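# Report on the structure
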Amino acid sequence: MHIEEKVVGDVVVLRPLGKIILGDDDKVWEKAREVLAKGHKKILLSLVDVPYVDYAGLGTLVRIYSMASKQEAKLKFSNLSKKVRDLFALTKLLTVFEVFDSEEEAIEAFDLPF
């Protein structure tokens, strides 16, 4: 799995390419850990190129969210496929994660007050 990284203002956008499944999920975890270790506080996981997430991958996304929260960083998600959105809904993670239809919407939402 390859993970593209770009910075838009003060938001780091991570875009994994491929399925987030057992074995490949560690790559997403390590990349997020690396970004947080550099002190970034706004991270967007754009899942536009992720057609599928298994339960190991889902667990990794929860771990990343937890790690970001502990470091007072914000993590948002965008561009979920129907399968991934359905999985988030089934596991009730749509009520936990902030999910947006586009990267642009998610990036703008970082600057909105809660």
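Summarised in this report is the structure supplied together with it. (Residues numbered from 1 in each chain as written. Predicted model: local features only at pLDDT ≥ 70, side-chain atom pairs only at ≥ 80, totals over all residues. Heavy atoms only, no water.)

## Section: the overall build of the chain
Formally: By definition, any uninterrupted DSSP run of H or I lasting at least four residues is a helix, any uninterrupted run of E lasting at least two residues is a strand, and each is numbered from the N terminus. Put simply, the radius of gyration uses C-alpha atoms, and a globule should come to 2.2 Å times the residue count raised to 0.38. Summary of the burial criterion: residues with accessible area below 20% of their type's maximum are buried, those above 50% are exposed, and those between are partly exposed, where the area comes from a 1.4 Å probe applied to protein chains only. Residue contacts follow a heavy-atom distance rule, with two residues in contact if any of their heavy atoms lie within 4.5 Å. His residues and chain termini do not enter the charge count, which takes Lys and Arg as positive and Asp and Glu as negative. Charge positions come from single atoms, namely NZ of Lys, CZ of Arg, CG of Asp or CD of Glu.
On a plain count of helices and strands, the chain comes out with 4 helices and 5 strands. The N-to-C order of helical and strand elements in the chain reads β-β-α-β-α-β-α-β-α. Against the globule reference of 13 Å for 114 residues, the chain gives a C-alpha radius of gyration of 13 Å, in line with a compact fold. Referenced to the eigenvectors of the C-alpha coordinate spread, the extents of the chain come out at roughly 30 × 25 × 25 Å. Every one of the 114 residues in the chain was classed for burial, and the buried ones make up 42%. Across the chain, every contact between residues at least 6 apart in sequence was considered, and the portion connecting residues at least 24 apart equals 70%. A distance of 4 Å separates the average location of the 17 positive side-chain charges in the chain from that of its 19 negative side-chain charges.

## A word on the side chain of Ser-78
With respect to the helices and strands, Ser-78 occurs in strand 4 (residues 74–78). Excluding its chain neighbours within four sequence positions, the residues that come into contact with Ser-78 are Leu-44, Leu-45, Ser-46, Leu-47, Val-48, Phe-100, Ser-102, Glu-103 and Ala-106.

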